[in-house]
Amino acid sequence: MNANEMADLMIQFDSGRIYEHAEEIATMLRQQQAENELLRKRFGEELDAHHSVLRKLKKLKKAQEETTKLVMSEHCTCYKLGYSPLNDYASVKQK
């Protein structure tokens, strides 16, 4: 019996026919409950893994932003001091 068949039987509750299938309905409900618990556990674990990946990505993005700031800061400092890759290239080319 599936859930739709059970629903049909419950509609016939007034006729008393539902009691003929009470054991079958109870078994089906227990099976569905077990399946629901299994799915909740599986999807819960997958959701936890997903959140873990998102946390790691967030940390990596923050580290990337900090690294970019540091590199840009170093680049600006070197440029202010007169160092430039173009200056080095020009001096090598003149030799």
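Residues numbered from 1 in each chain as written. Predicted model: local features only at pLDDT ≥ 70, side-chain atom pairs only at ≥ 80, totals over all residues. Heavy atoms only, no water.

### So, the overall build of the protein
Here is step 1: A tally of helices and strands in the protein yields three helices and zero strands.
Here is step 2: Moving toward the C terminus, one meets the helices and strands of the protein in the order α-α-α.
Here is step 3: For the protein, the computed accessible surface area is about 8800 Å², with 58% contributed by carbon and sulfur atoms. (Helix = DSSP H or I, 4+ residues; strand = E, 2+ residues; numbered from the N terminus. Areas by Shrake-Rupley, 256 points an atom, 1.4 Å probe, with all protein chains shown as cover.)

### Brief notes about a nonpolar patch on the surface
Here is step 1: Nonpolar side chains collect at one region of the surface, where Val 53, Leu 54, Leu 57 and Leu 60 lie side by side and expose about 380 Å² of accessible area between them.
Here is step 2: By the element assignment, Leu 57 lies in helix 2 (residues 22–80). (Patch = residues over 30% accessible without salt bridge, like charges linked within 9 Å, V, L, I, M, F, W, Y side chains within 5 Å. Salt bridge = Lys/Arg side-chain N within 4 Å of Asp/Glu carboxyl O.)

### Remarks on the pattern of salt bridges
Here is step 1: One pass over the structure, following the stated rule, counts one salt bridge.
Here is step 2: Ionic pairing is found between Glu 46 and Arg 42, a salt bridge with its closest N-O pair at 3.7 Å. With Glu 46 and Arg 42 both in helix 2 and four residues apart, the pair spans about one turn of that helix.

### Section: the confidence of the model for the protein
Here is step 1: Looking at the protein as a whole, its pLDDT mean stands at 77, while 69% of the residues score no less than 70.
Here is step 2: For the protein, the element scoring lowest by mean pLDDT is helix 3 (residues 85–94), at 55; helix 2 scores highest, at 86. (pLDDT = per-residue confidence, 0-100.)

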